[in-house]
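Chain residues, written in single-letter form:
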Amino acid sequence: VVMSDTFASSTTDQWYQRRVRVAEETLLSSASGLLNFSNLDVKTAVENKYINRDTKAKTVHSTLANHFLAVPDLTERKIEELPYQLEQAGKFDKLKQQLVDLRVFERLYRPEHKFDLYRYWRHIEKNTAHRSDESYKTALARGSFPAGMIVSHLLYNLAVFMEDMTKYGAAEEIYNKAIEFYEKASQKLEVAKVHVSLGTMCSNLGRAEEAEKMLKRAEYIYESEKGTEAPELAEVLNRLGILYTNTNKFKEAQSILIRALRIAETSFGKGSLISADIIYSLGCMYLSDVTNRDLDKAEQSFVEALRLKEQALGDWDPEVSHILNRLGSLYVEQDQFNDAEECFERALLIREKKLGEGHSRVAQTLKHMITLFEMQELYDKALEVGEKANIIFRKTFGDDHVQVSEILLRLGSLSWAKAEASGTPAKDKPQAKEQGRKYLLEARTMRERLLGADHK
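Residues numbered from 1 in each chain as written. Predicted model: local features only at pLDDT ≥ 70, side-chain atom pairs only at ≥ 80, totals over all residues. Heavy atoms only, no water.

Draft legend 1. Spatial organisation of the pattern of salt bridges. This structure, assessed with the given rule, holds 33 salt bridges. Salt-bridge contacts for Glu235 lead to Arg239; the nearest nitrogen and oxygen are separated by 2.7 Å. Of this pair, Glu235 and Arg239 both sit in helix H14 (residues 233–246), separated by four residues, roughly a single helical turn. The exposure class assigned to Arg239 is partly exposed, which follows from its relative accessible area of 28%. Two residues, Arg410 and Glu374, come together in a salt bridge whose shortest N-O distance is 3.4 Å. Of this pair, Arg410 sits in helix H22 (residues 402–420) while Glu374 sits in helix H20 (residues 360–375); the two residues are 36 residues apart in sequence, bridging distant segments of the chain. Look at the salt bridges and you will find they share partners, linking Lys216, Glu219, Glu223 and Arg259 into a network. (Salt bridge = Lys/Arg side-chain N within 4 Å of Asp/Glu carboxyl O. Helix = DSSP H or I, 4+ residues; strand = E, 2+ residues; numbered from the N terminus. Buried < 20%, exposed > 50% of the residue type's maximum accessible area, 1.4 Å probe, protein only.)

Draft legend 2. Here's a closer look at the packing of aromatic side chains. If you walk through the whole model with that rule in mind, you get ten aromatic pairs. When the ring of Phe105 is compared with that of Tyr136, the centres are 5.4 Å apart and the planes differ by 65 degrees; the resulting orientation is edge-to-face. With Phe105 in helix H7 (residues 102–108) and Tyr136 in helix H9 (residues 132–141), the pair connects residues that are 31 residues apart, well separated along the chain. For the residue pair Phe105 and Tyr136, the accessibility class agrees, reading buried in each case. Put simply, the rings of Phe105, Tyr109, Phe115, Tyr118, Trp121, Tyr136 and Phe161 touch in pairs and so form one group of aromatic residues. Seen from the ring of Trp316, Lys353 lies directly overhead, with NZ or CZ sitting 5.8 Å from the centre. (Phe/Tyr/Trp six-rings, centres within 6.5 Å; stacked < 30°, edge-to-face > 60°. Lys NZ or Arg CZ within 6 Å of the ring centre and 35° of its normal.)

Draft legend 3. Region of interest: helix H23 (residues 429–451). Taking 1.5 Å per residue, 23 residues should reach 33 Å; H23 reaches 32 Å between its end C-alpha atoms and fits that length. Of all the positions in H23, only Ala432, Gly436, Tyr439, Ala443 and Met446 are classed as buried. Check the buried side of H23 and you find it contacts helix H21 (379–397) and H22. (Expected span 1.5 Å × (residues − 1). Contact = heavy atoms within 4.5 Å.)

Draft legend 4. Seen up close, the side chain of Asn238. Looking at the element boundaries, Asn238 is found in helix H14. Looking at Asn238, the relative accessible area reads 2%, which means it is buried.

Draft legend 5. Here's a closer look at the side chain of Ser321. Inspection of the secondary structure assignment puts Ser321 in helix H18 (residues 318–333). The class of Ser321 is buried, set by a relative accessible area of 0%. At 2.4 Å, the side chain of Ser321 forms a polar contact with the backbone oxygen of Pro318. Excluding residues within four positions of it along the chain, Ser321 makes contact with Ala347, Ile350 and Arg351. (Polar contact = N/O pair within 3.5 Å; in protein donor to acceptor, adjacent residues only side chain to side chain.)

Draft legend 6. Inspection of the packing of helix H5 (residues 76–89) against helix H6 (residues 92–99) at higher detail. Here H5 crosses H6 at 155 degrees, and the two axes come no closer than 8 Å. Classified by the interaxial angle, the pair formed by H5 and H6 is roughly antiparallel. Pair H5 / H6 crosses with left-handed handedness. Of the residues in H6, those in contact with Leu82, Pro83, Leu86 and Glu87 of H5 are Phe92, Lys94, Leu95 and Gln98. Per-class residue counts for the contact of H5 with H6 are five nonpolar, one polar and two charged. (Axes fitted to C-alpha atoms, helices over the stretch in contact; angles between N-to-C directions. Parallel < 35°, antiparallel > 145°, perpendicular 65-115°, else oblique. Left-handed = near helix turned anticlockwise from the far one by under 90°. Nonpolar A, V, L, I, M, F, W, Y, C, P; charged D, E, K, R; others polar.)

Draft legend 7. Summary view of the confidence of the model for the protein chain. When pLDDT is averaged along the protein chain, the result is 90, and 92% of the positions lie at 70 or above. A low-confidence stretch, residues 1–9 (pLDDT under 50), is modelled with 14 contacts involving residues beyond four sequence positions or located in other chains. (pLDDT = per-residue confidence, 0-100.)

Draft legend 8. The arrangement of H18 in detail. Here H18 contains 16 residues, and its C-alpha end-to-end distance of 23 Å stays within 8% of the 22 Å for a straight helix at 1.5 Å per residue. Of all 16 residues that make up H18, twelve are buried, and the element is covered over most of its length. What H18 keeps buried is the set Pro318, Val320, Ser321, Ile323, Leu324, Asn325, Leu327, Gly328, Ser329, Leu330, Tyr331 and Val332. Here the buried face of H18 lies against helix H8 (114–127), helix H16 (273–288), helix H17 (295–313), helix H19 (337–355) and H20. Near the N-terminus of H18, the side chain that reaches the backbone nitrogen of Glu319, with its oxygen 2.9 Å away, is that of Asp317.

Draft legend 9. Up close: a nonpolar patch on the surface. Among the surface-exposed residues, Val402, Leu450 and Leu451 lie close enough to one another that they form a single nonpolar patch of about 200 Å² accessible area. Positionally, Val402 belongs in helix H22. (Patch = residues over 30% accessible without salt bridge, like charges linked within 9 Å, V, L, I, M, F, W, Y side chains within 5 Å. Areas by Shrake-Rupley, 256 points an atom, 1.4 Å probe, with all protein chains shown as cover.)

Draft legend 10. Summary view of the state of the cysteines. Applying the stated criterion across every chain, the model contains zero disulfides. Among the cysteines around Cys284, which has no disulfide bond, Cys343 carries the closest sulfur, lying 14 Å off. Overall, the relative accessible area of 11% leaves Cys284 in the buried class. On the basis of relative accessibility, which here comes to 8%, the residue Cys343 falls in the buried class. (Disulfide = S-S within 2.5 Å.)

Draft legend 11. Region of the structure containing the environment of Glu357. Position of Glu357 relative to the elements: it lies in the loop between H19 and H20. For Glu357, a relative accessible area of 59% gives the class exposed. Here the alpha-carbon distance between Glu357 and Ala218, two residues 139 residues apart in the chain, equals 35 Å. With near-sequence residues (within four places) excluded, Glu357 lies in contact with Glu352, Val362 and Ile392.

Printed below as a string of structure tokens:
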């Protein structure tokens, strides 16, 4: 686009164009028709020369977007290029229109494009009033699905996407729609799959009774349809083991997780991802069981699970960050602060890069870092990461939410601790104490609204 404009404005460019064509052979690379500079310095020089202003860059991206909008078919190239060009051009309304096309969602919700889809929606929600959950629910309400689309699979993937976007209400609604479609088609194994996902989400949201009911239902279906050693049981039993660990039923958790690991290693191999997940769950159980705590076994489990995940998924997968968080927390307990900080910093970098700086999982890592710095009496650092977490939680859950009140309590106690610390200059102590009072007052007021004034 840039070069054609340049040539069109000149009358003596034939010699120059020939030189450019020669340069193309060494300076440009082509991948499926997409031309790019093979040398970063040349790329930067061209950008500075021709599109060094934001308005010019947006004009170029807008021109490219219009080109791909005119392509009638949903080719792979169009799927890759059109959303990106609309995003870079700042045309978020048009980008939203593309993404709510269920055919486009189905093509983008694949491993090679999935994280781009998350990013597009984060930018849309940041720059417009559009919301991903409302937009997709509206699209589903129309009830017209493209020919050839397996609706039940689409619904399941869309529900998982909503959960990943922390749109839990929409996720639950769409999971239940997926169950309805699978049951109508008598696809019992698929019904069980959805129960596992929905049960896991309920478990993560603290709805333990609902979670156990759904997971037990999935276990029953798999055993009835495929036997007591069915490979699918490894995942269900792992989820049940996690639930029992979280509800302090450690004997039940250990028994179920050992059975799950046996089935996983028999069915998928000792180096499989599901085996890594179960080993991680066992590590959490060893760490959480206050009566029979075994920190050595916990660390061994986390390190082995991390090794298997990195081996299978690479160093930058969000699943790797999950294990790094837990390993870092274990190191904090053992006063291995340097090792802990290394784990948290790496987890934070992975999550910001793959999920976005405003994702709730980024805030979860920041919460771990609060504890790390608090244990070392590094109150300024603890308050800094705590404030970042506070901003993310407010954006994710709104200004009135238990998660927000919890982080405010942490910030309040940190501010008071800073005011009492001997290393804090005397002139800074009154301000720290006053800030702590404000945090704690806001947290109390919020909890009274959410839980009632008599809640203990």
